[in-house]
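Here is how the chains run, residue by residue.
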Amino acid sequence: MTPSNLLRLSFFIVCCFTWTLAQAQSQPITVTESSPIQAQFEYWEDPQAGANLSHVRNLPDSAWQLEPSGNATFGNTPSAYWLRFAVQNTGPETVNLIAELAYSQLDDVIFHVIADQEPTRTFKTGDGRPFYPRQVDHPNMLLRTKLAPEQTKTVYVRIKTAGPTILPLRLWREAEFFSAATHKQKLHFFYYGCLTVIILINLAVFLTLRERLYLYYAIAISGYLLFFASIKGYSFQLLYPQAPMLHAKAMLASMPVLALFSLLFCRSFLRTSSHSPRLDLAIRVMIGFEVINFIAAMGLDYNAAVRLSSISALAFFSLLFLAGPITWAAGVRAGAFFTVAWTPLTVGVLALAGRALGFLPTNFMTEHAMQIGSGLEAFILTLALADRLYHEREDKITAQANSLRQEKARNDARQELTEAMTHDPVTGLPNRNRFEWMVNKQLAEDPHGNYMVGVARITRLDEINRTLGLSRSERLLRRLAEQMTVMATQLPEVHRVLDDQGRTECVYQLSGDCFGILVHADKTASDQEGLNQALGLLSLPMPLDNLAIELHPKFGAARYPEHGENAALLIRNAHVGMEIAPRGLLATGFYSPDLDIYSEGRLTLISDLREAIQNDQTNLYYQPKLSLVTGRVIGVEALIRWHHPERGWVNPADFIPLAEETGVINQLTRWAVERGVRDLASLLGDHPGLGLSINISARDLSSHSLKGHIESVLSQHQMHAQRLTLELTETAAMEDPEKGLLALKSLADSGIGISIDDFGSGYSSLSYLKELPATEIKLDRALVTDVCASDSSKVIIETAINMVHGLGYSVIAEGVEDEATARLLKELGCDKLQGYWLGHPMPLADLKPWLGSYPEAIQGIFQAETVNK
């Protein structure tokens, strides 16, 4: 045979082989009446993740790769993968099939069903979409389809996921799937039930013995529970089916949580600080790393977080795998239990990590190894804790005289547990749970009665704690609780009940510094004299160790049924009433829906404010500033005003704090800068000496774009930066001193003036104040109001002015209401002032004529000096 004929024959053989291979790859999966269905598929990698069904269907068969086992693991990859498989019903009956991708952590899965060369159905699911609707209520990715006799369908599946791409394909008859799924779920929930029992047992032991070891173990097991419920998809299915992002974060958070508390448990259980200092150091370093891992898991992208958690898991489990033998060799009995318990879990973790990273295949062992290992670990360590508890209790029991004293000790422990759950450990008063139970019970028994829930809060308790120490503070609380109980028992209108031990309950401790009572409103006198006397006694200084401690209590109340129909709502509204209470020692704030700053209407206010800013419906009013050196108006302060189309004028105190809480303050500040600079530009032609002050908040300081925005607006209106002054309170400047100082210095470097507002109302450090790049300090109106009538106020003002001048700042006083105050401030050396004596805040239309006429009205105090000059 000639070489050319041999070449033709070889080419023909290769073509025949390739055709035969393509035919083998595209053979459908045969479904008969009873034989098992062996799943296999072909796959194609889409590196750009941009292919659609039409493109994929037109791919040549040579582009597809066969996976005869039906299982494929591609690890972490940015590519999308397409699967293709065909199923054919060779039996005489219609078959209901379920195609299952048996891995719940696939973000985006799209099934395309092709019958007779035409797409018949597309179904989208995945871990990155809301759980419902799904064709089958199951965590895995499932497609239901019917096959008529002799019918063939081809299924294309597109998979794109941020985590490991693990693709175990299973084909089921519908009845067989539900039978297997039910069996599998029983095993899973048996496992979860066992873990839950272990958690509850350890929590109960912790509450009884107050040993953190049991709390650490309970939280660690809770981490395992959350991890497995998340990775198997059950938490997504049952707890937050409409929140896929929450599901992803919960799974990422569960690993550092279980690691952190497992390390804390190991350190306490093995007593590493006493028996192995080096091991203890390694565990403490790992604890710090897991804290960082937790923070990173919340901020990193999913792929990076999964990889970090996998690496962390290998290091963490390896460390604890070594911890058992090390402490066992040091003679610690618990080390033997820990070694036996941690071995299967470590093996399971290695198998799971290897599967997630694509190093190990997907099979029963790699899929469930960690779950099996954790179950064995939890069971063995529970036995170890039981052994530990048994020996500890045995030592105590040995020291007891007889079985009667043993029984008494157990009864005491149960009583202490009940007491801890229903009473405050310091004062012994019944707690909030007990109060809510009592109130709800009374309201259910007397639904037509008139009642009042009263709350009292000791506002100085934190200060007392820091000053006197916890021990003396607790003594003060106990004495206060006794006094309140005595007073309440003497008031017939205060509701009281007997507990299981026959003790009278009338005063309840709702939190560390807050107390509550239930009052029969029908039994109180019209003037409530008895209650007022009791409040007066509570407002008196409390003697303690030759000290008279001012408690500064605040009182609030809510009425049933006007202000709520259950205990929780009445307590909430009583607290709101406390916040809106008028000033005064005996002032009780009664809840009012109109004054409820946390009402639903307040929540909608911020959205209305956003719309008002976008539509330029807010306004700027300007309050002039007077130079006490020249007697001329040298600037104006821009104040935001808002006229709501339905609510009318909205007080800035109502919307400015809301804007700061929600971040809308940044938009509001930018609008104020744009409007204020534009208005100032229109005034400079007639009044070239004017400057503009605009208030900013702490949130504005954290904005990286504020400086650029201001410079852009100033450039647009061809205005020097020195004409603009930014005012912020000393409290805002101190909120984040380091970042705030950097931001202010950056603004000051561009020529913008910085003014510290409300000076004297906060608690800022003078050492910090001298570092601020400020140009002026603004004295708070509280210091200025009574300067003419009070010598002490005058001394304070004069001292403040001298101090501020010494720091190199100018001084401006706000809240000047009369000429006498203005004259005195001038004598004391104050540089500038503003207030109603000079002028009220006014819109631009009123400001222009005012600027033209003001000298005749307000320059009287400068006439004499002008003549002398």
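Computed from a predicted model, the values in this text were never measured in an experiment.

A. Main features of the side chain of Arg670. Relative to the elements of secondary structure, Arg670 occurs in helix α20 (residues 664-683). Salt bridges are absent for the buried Arg670, whose nearest opposite-charge side chain, Asp700, sits at 4.6 Å. Setting aside chain neighbours within four positions, we find Arg670 in contact with Ser703, Ser705, Leu706 and His709.

B. Structural view of the pattern of salt bridges. This structure, assessed with the given rule, holds 24 salt bridges. Residue Arg475 pairs with Asp545 through a salt bridge whose shortest N-O separation is 2.7 Å. Of this pair, Arg475 sits in helix α15 (residues 470-489) while Asp545 sits in the loop between β17 (542-544) and β18 (547-549), placing them 70 residues apart in sequence. Under the relative-accessibility criterion, Arg475 is labelled partly exposed at 32%. Here the residues in one salt-bridge network are Lys625, Glu637, Glu727, Glu776, Lys778 and Lys832, joined through shared partners.

C. Representation of the sheet that holds strand β16 (residues 514-520). Pairing is mixed across the open sheet formed by five strands, whose spatial order is β15-β16-β12-β19-β20. With partners counted over all chains shown, the strands left at the sheet margins are β15 (508-511) and β20 (588-590), one partner each. For this sheet, the mean inter-axis angle between neighbouring strands, taken without regard to orientation, is 30°. For strand β19 (residues 553-560) and β20, the ladder comprises three bridges, and the chain directions are parallel.

D. Looking closely at the packing of helix α19 (residues 652-662) against α20. Two numbers describe how α19 lies on α20: the axes approach to 5 Å, and their chain directions differ by 115°. Only Val664, Ile665 and Leu668 of α20 make contact with α19, whose side of the interface consists of Phe655, Ile656, Ala659, Glu660 and Thr662. Counted by class, the contact of α19 with α20 contains six nonpolar, one polar and one charged residues.

E. Molecular detail of the nonpolar core. Counting residues in each nonpolar core, the largest one holds 78 residues, and the members touching the most others are Leu609, Leu692, Ile710, Leu726, Ile797 and Leu847. Considering each element in turn, this core owes the most residues, nine residues, to α20. Membership of the second largest hydrophobic core comes to 58 residues, among which are Tyr216, Phe227, Phe317 and Phe338.

F. Looking closely at the pairing of strand β25 (residues 724-729). Taking burial as the measure, the six residues of β25 include five buried ones, the bulk of the element. Here four bridges tie strand β24 (residues 691-695) to β25, and the two strands are oriented parallel to one another. Within β25, the residue paired with Asn695 across the bridge is Glu727. Two strands pair when backbone bridges link them, and β25 and strand β26 (residues 753-759) are joined in this way by five bridges, in the parallel orientation. Opposite Glu727, over in β26, you have Ser755 as the bridge partner.

G. Main features of the packing of aromatic side chains. The final tally for this structure, using the stated rule, is 24 aromatic pairs. When the ring of Phe227 is compared with that of Phe228, the centres are 5.3 Å apart and the planes differ by 70°; the resulting orientation is edge-to-face. Relative accessible area serves as the criterion here: at 8%, Phe227 is assigned to the buried category. Residue class for Phe228 comes out buried when judged on its relative accessible area of 3%. Ring-pair connections join several aromatic residues into one group, and the members of that group are Phe189, Tyr191, Tyr192, Phe227, Phe228 and Tyr234. Over the ring of Phe131 we find Arg134; its NZ or CZ atom is 4.1 Å from the centre of that ring.

H. Just a nonpolar patch on the surface, in detail. Where nonpolar side chains cluster on the molecular surface, the patch consists of Val291, Phe294, Ile295 and Met298 and spans about 340 Å² of accessible area. Structurally, the position occupied by Ile295 is in helix α8 (residues 277-299).

I. Representation of the confidence of the model for the chain within the structure. Averaged over every residue, the pLDDT of the chain is 83; the share at 70 or more is 89%. Helix α1 (residues 3-25) is the least confidently modelled element of the chain, averaging 39 in pLDDT, while β24 averages 95, the highest of any element. Within the model, the stretch residues 1-25 combines pLDDT values under 50 with seven contacts to residues more than four positions away or in other chains.

J. Main features of the packing of helix α6 (residues 244-270) against helix α9 (residues 302-329). Contact pair α6 / α9: the axes reach a minimum separation of 11 Å and the direction vectors enclose 15°. Classified by the angle their axes make, α6 and α9 are roughly parallel. Viewed along their axes, α6 and α9 form a crossing whose handedness is left-handed. Here Ala248, Met251, Leu252, Met255, Leu258, Ala259, Ser262, Leu263, Cys266 and Leu270 of α6 come into contact with α9, specifically with Tyr302, Ala305, Val306, Ser309, Ala313, Phe316, Phe317, Leu319, Leu320, Ala323, Gly324 and Thr327. For the contact of α6 with α9, the class distribution of residues is 18 nonpolar, four polar and no charged.

K. Expanded view of the pairing of β26. Where burial is concerned, most of β26 is hidden: six out of the seven residues are buried. In the sheet, β26 pairs with strand β27 (residues 776-779) via three bridges, with the strands oriented parallel. Across the sheet, Phe759 pairs through a bridge with Leu779, a residue of β27.

L. Seen up close, the environment of Val576. Relative to the helices and strands, Val576 is located in helix α17 (residues 567-579). Among all residues touching Val576, those that are not within four sequence positions of it are Tyr591, Asp596 and Tyr598.

M. Examining the environment of Phe178 more closely. Examined against the element boundaries, Phe178 turns out to sit in helix α3 (residues 174-209). Judged by relative accessible area, which is 33%, Phe178 ranks as partly exposed. The spatial distance from the C-alpha of Phe178 to the C-alpha of Ile98 is 9.6 Å, given a sequence separation of 80 residues. Residue contacts for Phe178: discarding those within four places in its chain leaves Ile98, Val136 and Arg144.

N. Structural detail: α6. Helix length check: α6 (27 residues) gives 39 Å between terminal C-alpha atoms against 39 Å at 1.5 Å per residue, within 8%. Counting buried residues along α6, 20 of its 27 residues qualify, which places the element largely inside the surrounding structure. Following α6 by one or two positions, Arg271 adopts a phi angle in the positive range, close to 50°.

The rules we used
Residues numbered from 1 in each chain as written. Predicted model: local features only at pLDDT ≥ 70, side-chain atom pairs only at ≥ 80, totals over all residues. Heavy atoms only, no water. Helix = DSSP H or I, 4+ residues; strand = E, 2+ residues; numbered from the N terminus. Buried < 20%, exposed > 50% of the residue type's maximum accessible area, 1.4 Å probe, protein only. Lys, Arg positive; Asp, Glu negative; His and termini not counted. Salt bridge = Lys/Arg side-chain N within 4 Å of Asp/Glu carboxyl O. Contact = heavy atoms within 4.5 Å. Pairing = 2+ DSSP bridges. Axes fitted to C-alpha atoms, helices over the stretch in contact; angles between N-to-C directions. Nonpolar A, V, L, I, M, F, W, Y, C, P; charged D, E, K, R; others polar. Core = buried A, V, L, I, M, F, W, Y, C linked by side-chain atoms within 4.5 Å. Phe/Tyr/Trp six-rings, centres within 6.5 Å; stacked < 30°, edge-to-face > 60°. Lys NZ or Arg CZ within 6 Å of the ring centre and 35° of its normal. Patch = residues over 30% accessible without salt bridge, like charges linked within 9 Å, V, L, I, M, F, W, Y side chains within 5 Å. Areas by Shrake-Rupley, 256 points an atom, 1.4 Å probe, with all protein chains shown as cover. pLDDT = per-residue confidence, 0-100. Parallel < 35°, antiparallel > 145°, perpendicular 65-115°, else oblique. Left-handed = near helix turned anticlockwise from the far one by under 90°. Expected span 1.5 Å × (residues − 1).

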